[in-house]
Structure formats: C-alpha cells, structure tokens
Protein chains: 2
Amino acid sequence: MEIKVLKDILGANDQMAQSNQQLLDGNHVFAVNLMASPGAGKTSLVLETIKGLQGKVRIGVIEGDISSTFDSELIAQQGVPVVQINTGGECHLDASMIRNALENLPLTDIDLLLVENVGNLVCPAEFNLGEHRKIVVSSVPEGDDKPIKYPAMFIIANAVVLNKTDLLPYVKFDSDRFREAVREINRKLDIFEVSCTTGEGIERWTSWLLAEMGRK
Amino acid sequence: MEIKVLKDILGANDQMAQSNQQLLDGNHVFAVNLMASPGAGKTSLVLETIKGLQGKVRIGVIEGDISSTFDSELIAQQGVPVVQINTGGECHLDASMIRNALENLPLTDIDLLLVENVGNLVCPAEFNLGEHRKIVVSSVPEGDDKPIKYPAMFIIANAVVLNKTDLLPYVKFDSDRFREAVREINRKLDIFEVSCTTGEGIERWTSWLLAEMGRK
C-alpha cells in the first residue's frame with residue numbers, strides 16, 4: 001500500500017516537472033539543479049557562478065532551505081532575482097514547489113536559473129524538478145568516499161563540482177580515489193575541481209555551463 | 001490520506017523503538033545515536049571514542065550506510081563487535097533495522113552501543129531507534145549556520161559534537177555564532193568541540209558519555 005502511494009507521488013511529480021520544463025523552454029530559460037550535503041558550498045558556488053557569468057548571461061536563483069532566508073539575502077545583494085523556498089521540514093525540493101517559485105520569477109529576464117536544493121545527499125536525487133542539468137556539489141572535507149557511499153546522486157547527475165580544493169593540504173583526501181569512484185558509478189560525468197574561496201577552477205565550470213546552454 | 005500512512009509508519013516505528021530500548025535495558029546496554037551530514041566525521045568519532053574508552057567500557061557498533069561496508073571494516077579492525085546496516089537507498093535508520101542488528105550483536109558483552117546513522121542532517125531526526133541519547137555531529141567546514149538551517153536535528157538532540165576544529169584556521173567559522181545558534185534552538189544542549197584528527201577535546205566527550213551512562 002505505501003509503495004503505491006509513493007508511486008503516485010513520484011508520478012505526479014514527474015508530470016509537474018515536465019510541465020515546468022515546458023514553461024522554462026517557452027521562456028528560453030536553462031535550469032540547473034544543484035544538490036549536495038549540508039555545507040558543501042552550494043550557495044558559495046551560486047555566488048561565484050553569478051560573478052563568473054556577469055555580463056554574459058542573465059541569472060535567476062531559487063533557494064531551497066528547510067528554514068531561514070540567509071542564502072537568498074546573500075544572493076539578492078548581487079542584484080539577481082531570487083525566490084526562497086522554505087520546505088518547512090521536507091528534505092528535498094519537488095516540482096510543485098519549483099512551479100510556485102517559477103510563477104514568482106521574471107522568467108523573460110532570465111537565461112540561466114540556478115536551483116539550490118536542500119542540503120541532503122540522498123533524497124533530492126529522487127525528485128525531478130524540470131531542470132535541464134543535475135549537478136552534485138561535493139567538497140574536499142567530506143572525504144573522497146562520498147560517491148561510493150551515496151551513489152544514487154552520482155548516478156543521476158550530469159556533472160560533479162568538487163568544492164573547497166583550497167583545503168586539500170589540510171585534510172586526508174585522495175583526488176584520484178575520488179575521481180575513480182565517480183567514474184565507476186557514472187563514467188560520463190564531468191568533474192570540476194573548484195575553490196569558491198580562491199576562485200580557482202570556477203572559469204572551467206562556468207565555461208561548461210555556457211557550452212551546455214549552447215552559448216559557446 | 002498520505003499523512004495517515006506516515007503516522008502509521010511513525011507509530012509502528014515508535015513501538016519498535018520502545019521494544020528495542022527494553023531489549024537494551026535488559027542487557028544493560030546504553031545506546032547512542034550519532035547523526036550528521038555526510039562527511040562530518042561520524043566514523044572518525046566512533047573510532048576515537050573506542051580508543052578513548054578502551055579498558056573502561058565494552059563498546060559495540062552499528063554502522064548505517066546506504067551502501068558499502070568501508071566503515072564497518074575500519075571498526076572491526078579495532079576488535080569491536082560491529083553490524084553493518086545497508087539501507088539500500090533509505091535516507092535514515094529505523095527501529096526495525098536496529099532490531100535486526102541487535103539480534104546479531106553479543107549484547108551481554110556490550111556496555112555502550114554506538115549507532116552511526118546514515119549521513120543526513122534531516123530525515124534521521126524523525127525516527128527513534130530505541131537509543132538512550134541522540135547526538136548531532138557537526139563539523140567546522142560545514143559552516144556555523146547549520147543549526148539555523150537544519151533546526152529539527154538540534155531540537156531533538158541531547159548533545160552536539162563539533163568536529164574538525166583543527167580546520168578552524170583555514171575556513172570562515174565563528175564558534176560563538178555556532179554556539180549562539182545552538183542555544184537559541186535548544187539551550188539544554190551540551191556542545192563538545194573536538195578534532196578527531198588531533199584528538200583534541202575527545203576526553204571531555206568521552207567523560208560526558210561515561211557520566212551519562214552512570215559510570216562516573
């Protein structure tokens with residue numbers, strides 16, 4: 001019985017996700033879903049991406065959090081349109097939450113929509129939002145074993161951003177082991193090593209985004 | 001309708017949790033549920049706790065992971081009885097998984113049972129396992145805003161371990177801001193600042209555990 005309920009929910013979510021993508025496509029908006037553990041640096045990556053693409057594409061942001069509006073305030077300071085979704089306990093965003101947010105964004109003024117999911121390396125993997133690309137943000141201090149321990153997220157992703165490379169000298173982290181683990185799960189995944197603190201690697205990441213958008 | 005299903009599941013879980021605690025109490029086992037984001041250092045904390053309490057109490061471990069047996073192998077090398085639970089996708093442990101594990105542990109040879117939950121700062125908060133204490137492990141590189149952004153976990157916890165204090169010089173993290181955020185959510189929470197890399201602060205944590213067990 002529970003399985004049936006779950007299937008209905010996922011089915012309804014997929015329908016709404018499809019409808020979201022139609023709405024995005026109709027407005028020529030390319031949407032990217034950023035998923036990660038709490039504290040991997042999703043918001044910092046959003047901020048660095050805004051900086052890196054300034055004058056090249058017009059960005060909009062959807063901020064997903066269980067509670068608080070900290071991150072959306074940081075982003076609004078950049079002069080970028082942002083909608084905060086507070087899930088009130090839910091461990092992931094879903095397509096109907098995104099629909100609501102899309103109806104509150106100036107879609108005709110946005111080329112690239114960055115969606116920051118709730119910090120959770122498990123549940124968001126199961127919910128399509130209508131996005132064009134799914135990104136996992138991993139971070140150096142989390143350890144090089146994360147792809148092996150949380151494979152679902154890496155199976156469905158289109159690319160991996162490995163953040164906080166500036167901490168490599170101070171923690172045990174084997175980049176080769178991380179890359180091998182990722183490739184074993186999904187060998188099509190591009191991996192971008194970045195530091196949102198120093199800015200290292202951000203240009204390769206934003207160039208990839210532009211290419212995926214068909215802008216390069 | 002869905003809410004009713006969820007209530008039934010949680011009700012059944014609470015019953016099983018109660019039964020687990022009876023089984024633990026009958027065997028004089030004190031159980032601690034360690035919850036955290038992926039990569040906060042739960043396994044390292046388990047290893048340091050085993051080391052710190054060697055010769056004082058007999059420890060057993062339940063390792064919860066979505067997949068892989070890495071962590072339980074590390075722990076078995078310490079000569080400690082360990083059962084691995086692979087949830088196969090589930091984002092948290094529940095009481096019936098714990099029951100299964102308890103039936104595969106030598107309970108009469110264990111004083112302190114450390115349960116490492118799945119890495120997830122959201123979902124495990126909702127599921128009682130029959131444990132005597134709930135601990136949130138937070139880590140410095142995750143940022144000082146985690147209590148504000150994931151309050152549920154801090155509301156239900158008995159204590160907070162803040163790990164990776166050796167990284168304080170290299171990241172933006174305001175210890176006072178973290179402490180204030182924790183206190184605002186739950187002013188009864190003890191906070192232990194530790195580094196599982198250097199061993200700093202571990203003794204204060206293990207002394208607290210002993211006291212909670214009534215061993216001091």
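Residues numbered from 1 in each chain as written. Chains lettered and ligands numbered in written order. Predicted model: local features only at pLDDT ≥ 70, side-chain atom pairs only at ≥ 80, totals over all residues.

1. Describing the overall build of chain A
Item 1. When you go through chain A residue by residue, the secondary structure sums to eight helices and seven strands.
Item 2. Its C-alpha radius of gyration of 17 Å places chain A within 12% of the 17 Å reference for a compact globule of 216 residues.
Item 3. For chain A, the spread of C-alpha atoms along the principal axes amounts to about 50 × 45 × 35 Å.
Item 4. Residue burial in chain A is summarised as follows: out of 216 residues, 49% are buried.
Item 5. Taking the contacts inside chain A whose residues are at least 6 apart along the sequence as the reference set, 75% of them involve residues at least 24 apart. (Helix = DSSP H or I, 4+ residues; strand = E, 2+ residues; numbered from the N terminus. Rg over C-alpha atoms; globule rule 2.2 N^0.38 Å. Buried ≥ 20, exposed ≤ 12 C-beta atoms within 10 Å, placed from the backbone. Contact = placed C-beta atoms within 7 Å.)

2. A short note on the sheet that holds strand β7 (residues 190-193) of chain A
Residue and element names in this part refer to chain A.
Item 1. One open sheet holds the seven strands; their spatial order is β3-β2-β4-β1-β5-β6-β7, and the pairing between them is parallel. Looking at the sheet topology across the chains shown, the edges are occupied by β3 (82-86) and β7. Going across the sheet, the axis of each strand differs from the next one's by a mean of 20°, ignoring polarity.
Item 2. Where strand β1 (residues 30-36) lies against strand β4 (residues 112-116), five bridges are found, and the strand directions are parallel. (Pairing = 2+ DSSP bridges. Axes fitted to C-alpha atoms, helices over the stretch in contact; angles between N-to-C directions.)

3. Things to note about helix α8 (residues 202-212) of chain B
Three- or four-residue spacings in an α-helix give side chains the same orientation, since the helix completes a turn every 3.6 residues.
All names here are of chain B.
Item 1. Of the residues making up α8, those classed as buried are I202, W205, T206 and L209. The buried residues of α8 occupy one face: seen down the axis, they fall within an arc of 95°. Residues R204 and A211 are exposed on α8 and point more than 90 degrees away from its buried face.
Item 2. Packed against the buried residues of α8 are α2 (42-52), β4 (112-116), β6 (159-163) and β7 (190-193). (Arc of directions from axis to C-beta.)

4. Structural notes on the sheet that holds strand β3 (residues 82-86) of chain B
All names here are of chain B.
Item 1. The strand order across the open sheet formed by seven strands is β3-β2-β4-β1-β5-β6-β7, and the pairing between neighbours is parallel. Both edges of this open sheet fall to β3 and β7, since each of them pairs with a single strand only. The mean inter-strand angle of the sheet, taken between neighbouring strand axes irrespective of direction, is 20°.
Item 2. Taken together, the four bridges between β6 and β7 define a ladder with parallel strand orientation. Opposite V160, over in β7, you have I191 as the bridge partner.
Item 3. Seen against the sheet, α8 touches β4, β5 (133-139), β6 and β7 and runs at an angle of roughly 145° to β7.

5. Notes on the interface of chain B and chain A
Item 1. Taken together, the 31 residues of chain B in the interface contact 31 residues of chain A.
Item 2. Elements that contribute at least two residues to the side of chain B that touches chain A include exactly α1 (2-26), α5 (146-149) and α6 (151-156) of chain B.
Item 3. Broken down by element, the side of chain B that touches chain A gets its largest block of residues, three residues, from α5(B).
Item 4. Each residue belonging to the side of chain B that touches chain A can be placed in one class, and the counts come to 15 nonpolar, nine polar and seven charged. (Nonpolar A, V, L, I, M, F, W, Y, C, P; charged D, E, K, R; others polar.)

6. What to know about the confidence of the model for chain A
Item 1. For chain A, the mean per-residue pLDDT works out to 95, and 95% of the residues sit at or above 70.
Item 2. Predicted as a complex, the structure gets a pTM of 0.93 and an ipTM equal to 0.90. (pLDDT = per-residue confidence, 0-100.)

7. Overview of the packing of α2(B) against α8(B)
All names here are of chain B.
Item 1. Running from N to C, α2 and α8 point in directions that differ by 75°, and their axes come no closer than 10 Å. Taken together, the axes of α2 and α8 are roughly perpendicular relative to one another. Between α2 and α8, the residues in contact are E48, T49 and G52 and I202, E203 and T206, respectively.
Item 2. Among the residues forming the contact of α2 with α8, the class breakdown is one nonpolar, three polar and two charged. (Parallel < 35°, antiparallel > 145°, perpendicular 65-115°, else oblique.)

8. Remarks on the relation of the copies chain B and chain A
Item 1. Note on the identical chains: chain B maps onto chain A by a rotation of 180° and an axial translation of 0.0 Å, with an RMSD of 0.0 Å. Such a combination of turn and shift is consistent with a two-fold rotation axis.
Item 2. Of the interface residues in chain B, 100% have counterparts in chain A that sit at the interface too, so the contact is made through matching surfaces. (Least-squares fit on C-alpha atoms with pLDDT ≥ 70 in both.)

9. Quick notes on unusual backbone geometry
Item 1. Within the chain, A:H28 stands out as a residue other than glycine whose phi angle is a positive 55°.
Item 2. Inspection of the secondary structure assignment puts A:H28 in the loop between α1 (2-26) and β1.

10. Quick look at the environment of B:A76
Item 1. Summarising the element assignment, B:A76 is placed in helix α3 (residues 70-76).
Item 2. A sequence separation of 17 residues divides B:A76 from B:L93, and the C-alpha atoms of the two residues are 20 Å apart.

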